[in-house]
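# Structural description and commentary
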Amino acid sequence: MTDQSSNQMWGGRFAAGPDAIMEAINASIGFDQRMAAQDIAGSRAHAAMLAATGVITDSDAQAIREGLLTVLSEIERGEFKFSTALEDIHMNVEARLKEIIGDPAGRLHTGRSRNDQVATDFKLWVRDQLDAAESGLLALIRALLAQAEAGADWVMPGFTHLQTAQPVTWGHHMMAYVEMFGRDLSRVRDARTRMNESPLGAAALAGTSFPIDRQMTAEALSFDRPAANSLDAVSDRDFALEFLSTASICAVHLSRFAEELVIWSSAQFRFVTLSDRFSTGSSIMPQKKNPDAAELIRAKVGRIFGANTALMMVMKGLPLAYSKDMQEDKEQVFDAADNWMLALAAMEGMVKDMTANRESLASAAGSGFSTATDLADWLVRVLGLPFRDAHHVTGSLVAIAEKKGCDLPDLTLEDMQSVKSEITDDVYSVLTVENSVHSRQSYGGTAPDQVRAQIKRWKALVGCEY
């Protein structure tokens, strides 16, 4: 492919090509070449429509479509020579198409502009990434369901403020993340539905006088419908912003889980053992097994958040319709998409490979007076105390246990009755962590039966086999 100056593509309006600085700031081919497949798919659909509506001949359309496949093949084989002088992927493809098929290539751009072309390409690319995110989220949810099912009745401490609060089950904790990532999945699907309108045919900003069929190109590219306003169609980047905001919320969830895995895999907790595949060693400390994959996932949030903020700043002051500022919309999205997909894949791999240490979980479940709420509930249920009174009695008993250096189940009945004489030995029936978790039978609670019911519901939702 020969290098051509930019003014050759622009035509007679400019007598001289740009200098090196202008060429450098204006060119986007260094990054938008990632949209080559989408650009060629859009151009093939546009050419077929132009022929069907009689705007160009069938023979020209056939030559264009076959020539575009040749260009795509060259790009896929790594043989295509991209030129910064030709600015972007659209001009690069069109110039090479002209070299291959000659004059018919010049008819491809009839009835469209680079404005609607780039909006279409970018939408198609983002749509592909949403599909990839959906697949990644489904895989992660299924991995979490497998962990939850294996440990539906394994007891562990539940935390608030990172302090022991009440006993829960491993399955219940895993299902909390299923709910989080399930909402992310919903947002991905919702965003895809909303963005699935075709900008193609909106032309520069006002539509076109050619008798094009926008419904035909929309259907060919699997859009639900053409965008209804040509000004909005070329200037809209809500789909990219929504992609980034969806990625950002999901990244928060990934980071929270990554943080727990870092804590849980430490020598102080030993709740989980991460596989060697997702850990690294130390260069000088042979005993170390570092949760580097989890730590890197935790760090990815900054890049994804940054992309979201950067694109909002690009778009916030732009008048309708298209401005060159919008060339700065892609690098952030590309980077965020790469890091989001990588983080999803890494988290799925860690969840699938990690081993929950049941004994450590159970040992920690009873620490920190985790059944204190069960004691208070027993005082309300059996002795009829108002909950605030029961809370006070329980607090007094916790203070006695702290002074004696024991846990609540280790207090004697005499200790109990020294605070509330009506307490009977039946109270000990609620002070084990196993009885505590089994008692939490409210919908969405940590009781193993409730956990298994939620696992069953989610398996049906994501198509897991039983």
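Rules used throughout
Residues numbered from 1 in each chain as written. Predicted model: local features only at pLDDT ≥ 70, side-chain atom pairs only at ≥ 80, totals over all residues. Heavy atoms only, no water. Helix = DSSP H or I, 4+ residues; strand = E, 2+ residues; numbered from the N terminus. Rg over C-alpha atoms; globule rule 2.2 N^0.38 Å. Buried < 20%, exposed > 50% of the residue type's maximum accessible area, 1.4 Å probe, protein only. Contact = heavy atoms within 4.5 Å. Areas by Shrake-Rupley, 256 points an atom, 1.4 Å probe, with all protein chains shown as cover. Lys, Arg positive; Asp, Glu negative; His and termini not counted. Charge placed at Lys NZ, Arg CZ, Asp CG, Glu CD. Core = buried A, V, L, I, M, F, W, Y, C linked by side-chain atoms within 4.5 Å. Phe/Tyr/Trp six-rings, centres within 6.5 Å; stacked < 30°, edge-to-face > 60°. Lys NZ or Arg CZ within 6 Å of the ring centre and 35° of its normal. Pairing = 2+ DSSP bridges. Salt bridge = Lys/Arg side-chain N within 4 Å of Asp/Glu carboxyl O. Patch = residues over 30% accessible without salt bridge, like charges linked within 9 Å, V, L, I, M, F, W, Y side chains within 5 Å. Axes fitted to C-alpha atoms, helices over the stretch in contact; angles between N-to-C directions. Parallel < 35°, antiparallel > 145°, perpendicular 65-115°, else oblique. Left-handed = near helix turned anticlockwise from the far one by under 90°. Nonpolar A, V, L, I, M, F, W, Y, C, P; charged D, E, K, R; others polar. Polar contact = N/O pair within 3.5 Å; in protein donor to acceptor, adjacent residues only side chain to side chain. Arc of directions from axis to C-beta.

Next up on the list: the overall build of the protein chain. Helix and strand counts for the protein chain stand at 19 helices and 6 strands. Against the compact-globule benchmark of 23 Å for 466 residues, the protein chain has a radius of gyration of 31 Å, which places it well outside the compact range. When the backbone C-alpha atoms are referred to their principal axes, the protein chain occupies close to 100 × 50 × 45 Å. When the 466 residues of the protein chain are sorted by exposure, 51% land in the buried category. Taking the intrachain contacts of the protein chain between residues at least 6 apart in sequence as the baseline, contacts between residues at least 24 apart amount to 74%. Counting every atom, the protein chain has about 21,500 Å² of accessible surface; 52% of that belongs to carbon and sulfur. Counting 45 positive and 62 negative side-chain charges, the protein chain places the averaged centre of each group 0 Å from the other.

It is worth spelling out the nonpolar core at this point. Residues Trp170, Phe181, Leu254, Phe257, Trp264, Trp340 and Met347 are the most contacted members of the largest nonpolar core, which totals 81 residues. Elements with a minimum of two residues in this core: helix H7 (114–150), helix H8 (170–195), helix H11 (238–264), helix H12 (292–315), helix H13 (330–353), helix H14 (358–365) and helix H19 (448–462). Looking at this core, the element that brings in the most residues is H11, giving 15 residues. Setting aside residues no more than four positions away along its own chain, phenylalanine 181 makes contact with Leu137, Leu140, Ile141, Leu144, Cys250, His253, Leu254 and Phe257. Listed in part, the 22 residues of the second largest apolar core include Met49, Ala61, Ile89 and Leu97.

Okay, the packing of aromatic side chains next. One pass over the structure, following the stated rule, counts 11 aromatic pairs. Ring geometry for tryptophan 170 against tryptophan 264: centres 5.6 Å apart, planes inclined by 45°, an arrangement best described as tilted. Of this pair, tryptophan 170 sits in helix H8 while tryptophan 264 is found in helix H11, placing the two residues 94 residues apart along the sequence. The pair tryptophan 170 / tryptophan 264 is uniform in exposure class, with both members buried. The structure contains a cluster of three or more aromatic residues connected by ring pairs, namely Phe159, Trp170, Trp264, Phe269 and Phe271. If you follow arginine 34 out to its NZ or CZ, it ends over the ring of phenylalanine 334, 5.0 Å from the centre. Sitting over the ring of phenylalanine 223, arginine 127 keeps its end group 4.9 Å from the ring centre.

Another point: the pairing of strand S2 (residues 163–169). Pairing analysis gives 6 bridges linking strand S1 (residues 155–160) to S2, with the strands arranged antiparallel. From the neighbouring strand, proline 157 faces S2, where its bridge partner is proline 167. Linkage of S1 to S2, two consecutive antiparallel strands, is achieved through a turn of 2 residues, within which histidine 161 is found at a positive phi near 55°.

The subject of this paragraph is the environment of glutamine 417. By the secondary structure assignment, glutamine 417 is in helix H17 (residues 413–419). Sequence spacing of glutamine 417 and isoleucine 89 is 328 residues, and the spatial spacing of their C-alpha atoms is 81 Å.

To continue, consider the pattern of salt bridges. Counting across every chain of the model gives 26 salt bridges. Taking the shortest distance from any N to any O, the salt bridge between aspartate 374 and arginine 440 comes out at 2.7 Å. Taken together, the residues aspartate 374 in helix H15 (residues 372–383) and arginine 440 in the loop between helix H18 (433–439) and H19 connect sequence positions 66 residues apart. Comparing aspartate 374 with arginine 440 shows no difference in burial state: the two are buried.

Judged by side-chain polarity, Leu205, Leu231 and Leu320 come together as a nonpolar surface patch covering roughly 280 Å² of accessible area. In this fold, leucine 231 is placed in helix H10 (residues 230–235).

Viewed as axis vectors pointing N to C, H7 and H11 meet at an angle of 20°, and their least axial separation amounts to 10 Å. As summarised for this structure, H7 and H11 are arranged roughly parallel, according to the angle between their axes. Both H7 and H11 take part in a crossing whose hand is left-handed. On H11, the residues that touch Ala119, Phe122, Lys123, Val126, Gln129, Leu130, Leu137, Leu140 and Leu144 of H7 are Phe239, Ala240, Phe243, Cys250, Leu254 and Phe257. Each residue belonging to the contact of H7 with H11 can be placed in one class, and the counts come to 13 nonpolar, 1 polar and 1 charged.

Packed helices, taken two at a time, are described by their axes: the angle between them and the distance between them. Orientation of H8 relative to H19, taken along the N-to-C sense of each, is 35°, at an axis distance of 10 Å. Regarding H8 and H19, the two cross each other, and that crossing is left-handed. On the side of H8, the interface is formed by Gly171, His172, Met175, Val178, Glu179 and Gly182, while H19 contributes Val451, Gln454, Ile455, Arg457 and Trp458. The residue makeup of the contact of H8 with H19, split by class, is 5 nonpolar, 4 polar and 2 charged.

Along the polypeptide, glutamine 332 turns up in helix H13. Along the backbone, glutamine 332 and isoleucine 101 are 231 residues apart, and their C-alpha atoms lie at a distance of 35 Å. Reaching out from glutamine 332, the side chain makes a polar contact with the backbone oxygen of glutamate 328 at a distance of 3.4 Å.

Looking now at H14. Listing the buried residues of H14 in full gives Leu361, Ala364 and Ala365. Taken end-on, H14 shows its buried residues confined to a sector of 105°, consistent with a single buried face. Away from its buried face by more than 90 degrees, H14 exposes Glu359 and Ser363. Where H14 is buried, its residues contact S1, S2, H8, strand S6 (355–356) and H18.

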